[in-house]
Amino acid sequence: MNDQIHSGGSDHEHGELGDAEYAEFMELAAQEGFDPEEVEGALGEAGHGPLPVLAVVGRPNVGKSTLVNRIIGRREAVVQDKPGVTRDRVSYEAEWAGRRFKVMDTGGWEQDVLGLDASVAAQAEYAIQTADAVVFVVDATVGATDTDEAVVKLLRRAGKPVVLCANKVDGQSGEADATALWSLGLGEPYPVSSLHGRGTGDMLDAVLEALPDAPEQKFGTALGGPRRIALIGRPNVGKSSLLNKVAGEDRVVVNEQAGTTRDPVDELIKLGGITWKFIDTAGIRRRVHLQEGADYYASLRTAAAVEKAEVAVILIDSSESVSVQDQRIITMAVEAGRAIVVAFNKWDTLDEERRYYLEREIETELAQIAWAPRVNVSALTGRHMEKLVPAIETAIEGWETRIPTGRLNAFLGEIVASHPHPIRGGKQPRILFGTQAGTKPPRFVLFASGFLEHGYRRFVERRLREEFGFEGTPIHISVRVREKRGRNK
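Since the structure is predicted, the reported quantities are computational estimates derived from the model, not experimental observations.

K.L.:
How would you explain the sheet that holds strand E14 (residues 443-448) if you had to name every residue and give the values?
P.N.:
Backbone-to-backbone hydrogen bonds join strands into a sheet, with any given pair of strands oriented parallel or antiparallel. Spatial ordering of the open sheet is given by E13-E14-E15, a layout of three strands whose pairing is mixed. Across the chains shown, the open sheet's two edge strands, defined by having one partner strand only, are strand E13 (431-438) and strand E15 (476-481). Within this sheet the neighbouring strands show an average axis-to-axis angle of 20°, counted without direction. In this structure, E14 lies alongside E15, joined through six bridges in parallel fashion. Bridging across to E15, Val445 finds its partner in Ser478.

K.L.:
For the pattern of salt bridges, give the residues involved together with the corresponding values.
P.N.:
In total, this model carries 16 salt bridges according to the counting rule given. Salt-bridge contacts for Asp148 lead to Arg59; the nearest nitrogen and oxygen are separated by 3.4 Å. Placement of the pair is Asp148 in helix H5 (residues 146-158) and Arg59 in the loop between strand E1 (53-57) and helix H3 (64-72), with a sequence separation of 89 residues. Since its relative accessible area comes to 14%, Arg59 is described here as buried.

K.L.:
Report on the pairing of E13, specifying residues and quantitative values.
P.N.:
Most of E13 sits out of view: eight of its eight residues are buried. If you look at the hairpin formed by E13 and E14, you'll find four residues sitting between the two strands, and Lys440 has a positive phi there, around 55°.

K.L.:
Explain the packing of aromatic side chains to me, and be specific about the residues and the numbers.
P.N.:
By the definition in use, this model includes nine aromatic pairs. Geometrically, the ring pair formed by Phe34 and Phe447 is edge-to-face, given 5.1 Å between the ring centres and 80° between the ring planes. Of the two residues, Phe34 sits in the loop between helix H1 (19-31) and helix H2 (36-47) while Phe447 sits in strand E14, which places them 413 residues apart along the sequence. Judged by relative accessible area, Phe34 falls into the buried class, the value being 5%. Ring plane angle 40° and centroid distance 5.6 Å describe the contact between Tyr456 and Phe459, whose orientation is recorded as tilted.

Basis of the calculations
Residues numbered from 1 in each chain as written. Predicted model: local features only at pLDDT ≥ 70, side-chain atom pairs only at ≥ 80, totals over all residues. Heavy atoms only, no water. Pairing = 2+ DSSP bridges. Helix = DSSP H or I, 4+ residues; strand = E, 2+ residues; numbered from the N terminus. Axes fitted to C-alpha atoms, helices over the stretch in contact; angles between N-to-C directions. Salt bridge = Lys/Arg side-chain N within 4 Å of Asp/Glu carboxyl O. Buried < 20%, exposed > 50% of the residue type's maximum accessible area, 1.4 Å probe, protein only. Phe/Tyr/Trp six-rings, centres within 6.5 Å; stacked < 30°, edge-to-face > 60°.

Here it is as structure tokens:
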């Protein structure tokens, strides 16, 4: 079944549900009193995979975070009347005219800056590269500055669709200031007051025209092309050594000094009769905004390599305690929705005592990915390297698995009967029906009579894994609650 499900399946009118399965599912929804449009929307959200990304960029203190808060409809991004408050790229989900997308707030971009300011600027540049469209915010009361002109050059190089936002136009008198920004050569400037909301609707209409309905899948290549495997981990855990050992020759530079690899290195390697594309990445040291210079850019490129991969092989140095940084790297791979394999390197150096304590650490510190295949290897000696490819294949299989709606609902019925949701406030919510709307990773949408607690959702995920496998892949579960319609059940 799995080998018939490809990324092209998302072009189908009903996502990954066939016509017959879709008809059966909508009949279920009608029986339970759900609005067909609401069900369609839930299927679309769960089945589309990644949302298109809108990056909000500009020089410091032009009102980017205020605009982001206006777009998402709540005060989420930190706003203060001084430049440089926002440093990292921060993403929020937004909706306009029935379409959902991600908004990426960025720090102010400046030219010829050093230290932290340079890192902030690099984050903004990276946001432009990874976004599907860009809102360029300019302070209309100040007009176009040299820095704004430099941002325009950056945007032209990136080749992304750009919507020009002339911010701080609080009244009719400021319209002329906005008109002056035609000189930037980015098309029509949209006069906006992000503080008061004036003009944001017209700007967002333009944003929807610039954004694609759904972004391209960044991982993999054409059908039949080699699978992309990203090797990620802290510096000096042996990623380059592992790649060389897998390849059977010295493909990449290895040195005891941490941080030898700067750019992701792609290598086509034939293993078990299959050609794979392994990507050796730079080690991720610590929080991105605390890094400087080459390390900083290397971390950004590593994050991009994970986005383009299908499987993340996370290397952990088994001779050292599992660190906060290891956990941060794992979280990055899980949030990116990649299939995951955990490789404990330097296994040949462990004594019995260290192995005992490592097992305890794995139980406590890595509980969030207890479902990921685990291999104990030595990149130096080649020990157990033959187990790496089967683990990768297992993870990919789980990542691409799809459960037919009928079989899933029979399973959900058993769960509700044997382990009903706890009673809260005199009511007992229950799962009415559900479907798997997407794969890579598996994405489920459940329809319920009331709010399902986080602990119960975790229980459902655990039972899904026990019943259907899903080894080596994150699972996304979204829940839709039936609106009260005065309908007696």
